Amino acid sequence: MKLSALNLVPIREGQNAQDAIASHIKLAQHLEKIGIERMWIAEHHNMQNLASSSTQLLIMHTLANTQTLKVGSGGVMLPNHSPYVVAEQYGTLATIFPGRVELGLGRAPGTDGLTAFALRKGRK
């Protein structure tokens, strides 16, 4: 059976964002070691207790620190991004890490209204 995991990269009590990202990498390496096939990272913006606002960077960092684990977005929220730029970014990741990049798409804002407005530069 193929298994996957989803991580929001939580910032736990006593941690900062750098600690949370280091914990995320340790988790990814452990998942790979026990045979989990893929890890998804969820996009959340302006959340004080989550370090997963830049999934593309976290995906690249995770891929660079694992060997076989497939890594993808637990939803790039298209209202927050140019679809063309998303395609370029994930295409580049797939070029660097062939066969290991996965892309999930979503349509929710993934944040509060004020942050969504800032991400979209006022677009409706």
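Conventions adopted
- Residues numbered from 1 in each chain as written.
- Predicted model: local features only at pLDDT ≥ 70, side-chain atom pairs only at ≥ 80, totals over all residues.
- Heavy atoms only, no water.
- Helix = DSSP H or I, 4+ residues; strand = E, 2+ residues; numbered from the N terminus.
- pLDDT = per-residue confidence, 0-100.
- Expected span 1.5 Å × (residues − 1).
- Buried < 20%, exposed > 50% of the residue type's maximum accessible area, 1.4 Å probe, protein only.
- Arc of directions from axis to C-beta.
- Contact = heavy atoms within 4.5 Å.
- Pairing = 2+ DSSP bridges.
- Right-handed = clockwise from strand over helix to strand, strands pointing away.
- Core = buried A, V, L, I, M, F, W, Y, C linked by side-chain atoms within 4.5 Å.

J.: Describe in detail unusual backbone geometry, supporting the description with residues and values.
T.: At Val-9, a position not held by glycine, the phi torsion is positive, near 55 degrees. Residue position: Val-9 is located in the loop between strand E1 (4-7) and helix H1 (17-33).

J.: Requested: an account of the confidence of the model for the protein, with residues and values cited.
T.: The predicted model of the protein has a mean per-residue pLDDT of 90, with 89% of residues at 70 or higher. Mean pLDDT across the secondary structure elements of the protein bottoms out at helix H4 (residues 113-119), with 67, and peaks at H1, with 98.

J.: Residues and numbers for H1, please.
T.: Over its 17 residues, H1 extends 24 Å from the first C-alpha to the last, a length consistent with the 24 Å expected when each residue adds 1.5 Å. If you check which residues of H1 are buried, you get Ala-20, His-24, Ile-25, Ala-28, Leu-31 and Glu-32. Burial along H1 is one-sided: seen end-on, the buried residues are contained in an arc of 145 degrees. Residues of H1 that are exposed and point more than 90 degrees away from the buried face comprise Gln-18, Lys-26 and Lys-33. Considering only its buried residues, H1 is in contact with E1, strand E2 (38-41) and helix H2 (55-64). Gly-35 lies just past H1 and shows a positive phi near 95 degrees.

J.: Lay out the side chain of Ser-52 with the relevant residues and their values.
T.: In this structure, Ser-52 sits in the loop between E2 and H2. Setting aside residues up to four positions removed in sequence, Ser-52 forms contacts with Leu-8, Val-9, Ile-41, Ala-42, Glu-43, His-44 and Leu-58.

J.: So what about the sheet that holds strand E3 (residues 70-73)? Which residues, and what values?
T.: Strand order in the open sheet formed by four strands is E1-E2-E3-E5, and the pairing between neighbours is parallel. Every other strand in the sheet has two partners, leaving E1 and strand E5 (101-102) as the edge strands with one partner each. Here E1 pairs with E2 via four bridges, running parallel. Looking at the pairing, Asn-7 lines up with Ile-41 of E2.

J.: Describe the environment of Arg-107, listing the residues and the values that go with them.
T.: Note on placement: Arg-107 falls in the loop between strand E6 (105-106) and H4. A relative accessible area of 78% means that Arg-107 is categorised as exposed. If sequence neighbours within four positions are ignored, Arg-107 has contacts with Met-77 and Pro-79.

J.: So what's going on with the pairing of E2? Residues and values would help.
T.: Assessed by its sense of winding, the connection that carries the chain from E1 through H1 to E2 is right-handed. As paired elements, E2 and E3 share four bridges and run parallel to each other. Paired with Arg-38 across the bridge in E3 is Lys-70. In this fold, the crossover linking E2 to E3 by way of H2 has right-handed handedness.

J.: Can you tell me about the nonpolar core, naming the residues and giving the values?
T.: Counting 19 residues, the largest nonpolar core has Val-9, Ile-41, Ile-59, Val-71 and Tyr-90 as the members making the most contacts within it. Elements supplying a minimum of two residues to this core: H1, E2, H2 and helix H3 (83-96). Residue contacts for Tyr-90: discarding those within four places in its chain leaves Thr-55, Gln-56, Ile-59, Ser-73, Val-76, Val-101, Glu-102 and Leu-103.

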